[in-house]
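Structural characterization, general
Take a look at the letters that make up each chain.
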Amino acid sequence: MLKSGRCSPTPVSSSGQPAFPYWSSKTRAQRAAQLWGSQFRAVSMPLDHWRSAALPDLAKDDFRVGINWSGQRPTGWDFTVGEAVNRLIHALGEPPYDR
């Protein structure tokens with residue numbers, strides 16, 4: 001995740017909805033922070049917190065989840081919260097997310 005002071009970038013996804021970007025590694029997040037500007041820095045978030053707090057907040061605000069975006073004008077995969085959770089639990093071998 002990238003942070004700038006108390007806020008993070010919320011670009012618009014290819015679907016036209018706001019998306020909150022996350023990266024699967026610190027290296028990827030740091031690369032994005034360098035491209036976006038010196039006011040951003042990569043910060044780590046435990047998976048449990050992302051899953052139990054960050055994702056529900058995004059769902060409440062109707063944000064999509066941007067995954068591993070790259071480039072000067074960040075682009076990449078974006079999913080609904082439900083889609084992101086289903087992909088995560090599939091990778092972890094858990095039952096499907098039903099919301």
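Residues numbered from 1 in each chain as written. Predicted model: local features only at pLDDT ≥ 70, side-chain atom pairs only at ≥ 80, totals over all residues. Heavy atoms only, no water.

Examining the pattern of salt bridges
Applying the stated rule across the entire model yields 4 salt bridges. The partner of Glu94 in a salt bridge is Arg51, and the shortest N-O contact between them spans 2.3 Å. Of this pair, Glu94 sits in the segment after helix H3 (81-92) while Arg51 sits in helix H2 (residues 47-60); the two residues are 43 residues apart in sequence, bridging distant segments of the chain. When its relative accessible area of 34% is taken as the criterion, Glu94 is described as partly exposed. In this structure, Arg64 and Asp78 form a salt bridge, with 2.3 Å as the shortest nitrogen-oxygen distance. Here Arg64 is found in strand S4 (residues 64-70), whereas its partner Asp78 is found in strand S5 (residues 75-79), with 14 residues between them in sequence. The two residues Arg64 and Asp78 agree in class, both being buried. In this structure, a network of salt bridges that share partners links the residues Arg64, Asp78 and Glu83. (Salt bridge = Lys/Arg side-chain N within 4 Å of Asp/Glu carboxyl O. Helix = DSSP H or I, 4+ residues; strand = E, 2+ residues; numbered from the N terminus. Buried < 20%, exposed > 50% of the residue type's maximum accessible area, 1.4 Å probe, protein only.)

A short note on the pairing of S4
Two faces make up the sheet, and in a regular strand the side chains alternate between them. With 4 bridges connecting them, strand S2 (residues 19-22) and S4 associate as parallel partners. In the sheet register, Ala19 faces S4, and the bridge partner there is Arg64. In the sheet, S4 pairs with S5 via 4 bridges, with the strands oriented antiparallel. In the strand pairing of S5, Ser70 is matched with Thr75. With antiparallel pairing between neighbouring strands as the criterion, S4 and S5 make up a hairpin whose turn holds 4 residues, including Gly71 at a positive phi of roughly 95°. (Pairing = 2+ DSSP bridges.)

Details of the side chain of Asp78
Residue class for Asp78 comes out buried when judged on its relative accessible area of 11%. A polar atom in the side chain of Asp78 sits 2.3 Å from the side chain of Arg64. (Polar contact = N/O pair within 3.5 Å; in protein donor to acceptor, adjacent residues only side chain to side chain.)

Quick notes on the sheet that holds S2
Pairing is mixed across the open sheet formed by 3 strands, whose spatial order is S2-S4-S5. The open sheet terminates on both sides in strands that have one partner only, identified here as S2 and S5. Across this sheet, the average inter-strand angle for adjacent strands is 35°, counted without regard to direction. Of the strands in this sheet, S2 and S4 are in contact with H2, which crosses S4 at around 105°. (Axes fitted to C-alpha atoms, helices over the stretch in contact; angles between N-to-C directions. Contact = heavy atoms within 4.5 Å.)

That's the geometry; what it means functionally is another story.
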